[in-house]
Amino acid sequence: MSYYGDHQVAKERERERLREAEERRLARLAACGRPTLRARVARRLFVAAVALEREETWRIVWERLEARGRL
């Protein structure tokens, strides 16, 4: 029974250490003032997705107008 309690306490301490390490890492990133590589890549992918969606939407509109004989 004691082993289980000790194990739980050790797991909790490890979680706390990991949380604090993550906070320190995020604080360092925020201090440098530059977005992370992950954030920059995500932003570029989002911009590309929006551009592709616009192009696809335009194609659909164009095809519908052609089908109705308006072009």
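As shown above, the structure is provided for reference.
No experiment lies behind these values; they were computed from the predicted model shown.

Quick notes on the rules
Residues numbered from 1 in each chain as written. Predicted model: local features only at pLDDT ≥ 70, side-chain atom pairs only at ≥ 80, totals over all residues. Heavy atoms only, no water. Helix = DSSP H or I, 4+ residues; strand = E, 2+ residues; numbered from the N terminus. Buried < 20%, exposed > 50% of the residue type's maximum accessible area, 1.4 Å probe, protein only. Areas by Shrake-Rupley, 256 points an atom, 1.4 Å probe, with all protein chains shown as cover. Lys, Arg positive; Asp, Glu negative; His and termini not counted. Charge placed at Lys NZ, Arg CZ, Asp CG, Glu CD. Salt bridge = Lys/Arg side-chain N within 4 Å of Asp/Glu carboxyl O. Expected span 1.5 Å × (residues − 1). Patch = residues over 30% accessible without salt bridge, like charges linked within 9 Å, V, L, I, M, F, W, Y side chains within 5 Å.

**Describing the overall build of the protein**
And then number 1: If you tally the helices and strands in the protein, you get two helices and zero strands.
And then number 2: Principal axes of the C-alpha set define a box for the protein whose edges measure 80 × 40 × 10 Å.
And then number 3: Looking at the protein as a whole, 0% of its 71 residues qualify as buried.
And then number 4: Summing over all exposed atoms, the protein offers an accessible surface of approximately 7,000 Å²; the carbon and sulfur share of this is 58%.
And then number 5: Measuring between centres, the 18 positive side-chain charges of the protein sit 4 Å from its 12 negative side-chain charges.

**Some details on the pattern of salt bridges**
Side chains bearing opposite charge may pair, as long as their charged atoms lie close to each other.
And then number 1: Tallying each qualifying case throughout the model produces seven salt bridges.
And then number 2: In this structure, arginine 19 engages glutamate 23 in a salt bridge whose closest nitrogen and oxygen atoms are separated by 2.3 Å. Residue arginine 19 and its partner glutamate 23 are both found in helix α1 (residues 2–32); the two are separated by four residues, about one turn of the helix.
And then number 3: Each of Glu16, Arg19 and Glu23 takes part in one network of salt bridges that share partners.

**Some thoughts on the environment of arginine 28**
And then number 1: Mapping arginine 28 onto the fold places it in helix α1.
And then number 2: Judged by relative accessible area, arginine 28 falls into the exposed class, the value being 56%.

**A word on helix α2 (residues 37–67)**
And then number 1: Over its 31 residues, α2 extends 45 Å from the first C-alpha to the last, a length consistent with the 45 Å expected when each residue adds 1.5 Å.
And then number 2: Count one or two residues on from α2 and you reach glycine 69, which has phi positive near 80°.

**Some remarks on a nonpolar patch on the surface**
And then number 1: A cluster of nonpolar residues, Leu37, Val41 and Leu45, forms a patch on the protein surface that exposes about 300 Å² of accessible area.
And then number 2: Assignment of secondary structure puts leucine 37 in helix α2.

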